[in-house]
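A closer look at the structure
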Amino acid sequence: ESLERRVRAFSDFASEPEVHPDDLDLNAVVTERVALLRPANPAVTYHVRLDDGRPRVHADPDLVNGILTNLMQNAAEAAGPGGEVLVETRGGGEQVTIEVHDSGPGLSDEAAATLFEPTITFKKHGMGLGLSIAKKNALRSGGDVTVIPGALAGAAFRVTLPS
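A brief report on the enclosed structure follows. (Residues numbered from 1 in each chain as written. Predicted model: local features only at pLDDT ≥ 70, side-chain atom pairs only at ≥ 80, totals over all residues. Heavy atoms only, no water.)

Attention now moves to the pairing of strand β7 (residues 156–162). Counting buried residues along β7, five of its seven residues qualify, which places the element largely inside the surrounding structure. Relative to β7, strand β5 (residues 95–102) runs antiparallel, the two being bridged by seven bridges. Pairing of E99 across the sheet is with R158, part of β7. Where strand β6 (residues 144–147) and β7 come together, four bridges link them in antiparallel fashion. If you follow V145 over to β7, its bridge partner there is V159. (Buried < 20%, exposed > 50% of the residue type's maximum accessible area, 1.4 Å probe, protein only. Helix = DSSP H or I, 4+ residues; strand = E, 2+ residues; numbered from the N terminus. Pairing = 2+ DSSP bridges.)

As structure tokens, this is what we get:
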């Protein structure tokens, strides 16, 4: 069963379905993702800071949802019970950004250097594909996912996408 899951995950990682970009309200997407994840992580406090300018993004909704779900779920797991997750949106120019910060233990320089490689994981569970898929999907969308200094003393990631 474990081997089958790994094969399926690698197959999903390798396949590249068509990208169908759409005009999305970034704040609405973030709000919906947080609402989805809050019940799954009731012991984590979510803080959301949305850009008042209501930034728009031109990207595939499924890819954006997958990227944000992965980053926010990872942040909640790292923060743990009693921890915090901060999600921020910013518009302006040709790109918009979403930042996801957690109050977990943070990342060592070594971990940060290999974080986006497939099968690299620092968690007890999982196959180490989530961040590599998130980065791949951001790149396919004309953006990127990068590690940034955390505002809550833990790890933090910045997603950039075309506006």
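Another aspect to go through is helix α2 (residues 26–37). Between its first and last C-alpha atoms α2 spans 17 Å; for 12 residues at 1.5 Å apiece the expected length is 16 Å, and the two agree. Where the residues of α2 are buried, they touch β1 (22–25), β2 (45–49), β3 (56–59), α3 (61–79), β4 (84–90) and β5. The backbone nitrogen of N27 lies 3.0 Å from a side-chain oxygen of the residue at the head of α2, namely D25. (Expected span 1.5 Å × (residues − 1). Contact = heavy atoms within 4.5 Å. Polar contact = N/O pair within 3.5 Å; in protein donor to acceptor, adjacent residues only side chain to side chain.)

Let's shift gears to the environment of A78. Position of A78 among the secondary structure elements: in helix α3. Residues A78 and A155, 77 residues apart in the sequence, show an inter-C-alpha distance of 8.3 Å. Setting aside residues up to four positions removed in sequence, A78 forms contacts with D102, G104 and P105.

Here the focus is the environment of L50. Position of L50 relative to the elements: it lies in the loop between β2 and β3. L50 sits 41 residues away from G91 along the chain, and the two C-alpha atoms are 9.6 Å apart. Not counting the four nearest positions on each side in its chain, L50 is found in contact with N27, V30, T31 and T89.

Burial runs high along β4: five of the seven residues are buried. Inspection of the sheet shows β4 paired to β5 by six bridges, in the antiparallel sense. Within the sheet, the bridge partner assigned to E88 lies in β5 and is E99.

Turning next to the nonpolar core. Among the nonpolar cores identified, the biggest contains 33 residues, and L71, M72, V85, V87, I98, V145 and F157 are the most heavily contacted of them. In terms of residue count, the dominant contributor to this core is α3 (eight residues). Each residue touching L71, except ones within four places of it in the same chain, is listed here: V100, L131, V145, F157 and V159. (Core = buried A, V, L, I, M, F, W, Y, C linked by side-chain atoms within 4.5 Å.)

This part is about the pattern of salt bridges. The full count for this structure, using the stated rule, is eight salt bridges. Between R54 and D25 there is a salt bridge, with its nearest N and O atoms 2.3 Å apart. One end of the pair, R54, is in the loop between β2 and β3; the other, D25, is in strand β1, with 29 residues separating them in the sequence. With a closest N to O distance of 3.0 Å, E99 and R90 form a salt bridge. Since its relative accessible area comes to 4%, E99 is described here as buried. Shared partners join several salt bridges into a network, and the residues in it are R49, E88, R90, E99 and R158. (Salt bridge = Lys/Arg side-chain N within 4 Å of Asp/Glu carboxyl O.)

Spatial strand order, β2-β4-β5-β7-β6: five strands in an open sheet with mixed pairing. Looking at strand neighbours, the two that pair on one side only are β2 and β6, the edges of this open sheet. Each adjacent strand pair in this sheet contributes to an overall mean axis angle of 15 degrees, direction not counted. With respect to the sheet, α3 is in contact with β2, β4, β5, β6 and β7, its orientation differing from that of β5 by roughly 20 degrees. (Axes fitted to C-alpha atoms, helices over the stretch in contact; angles between N-to-C directions.)

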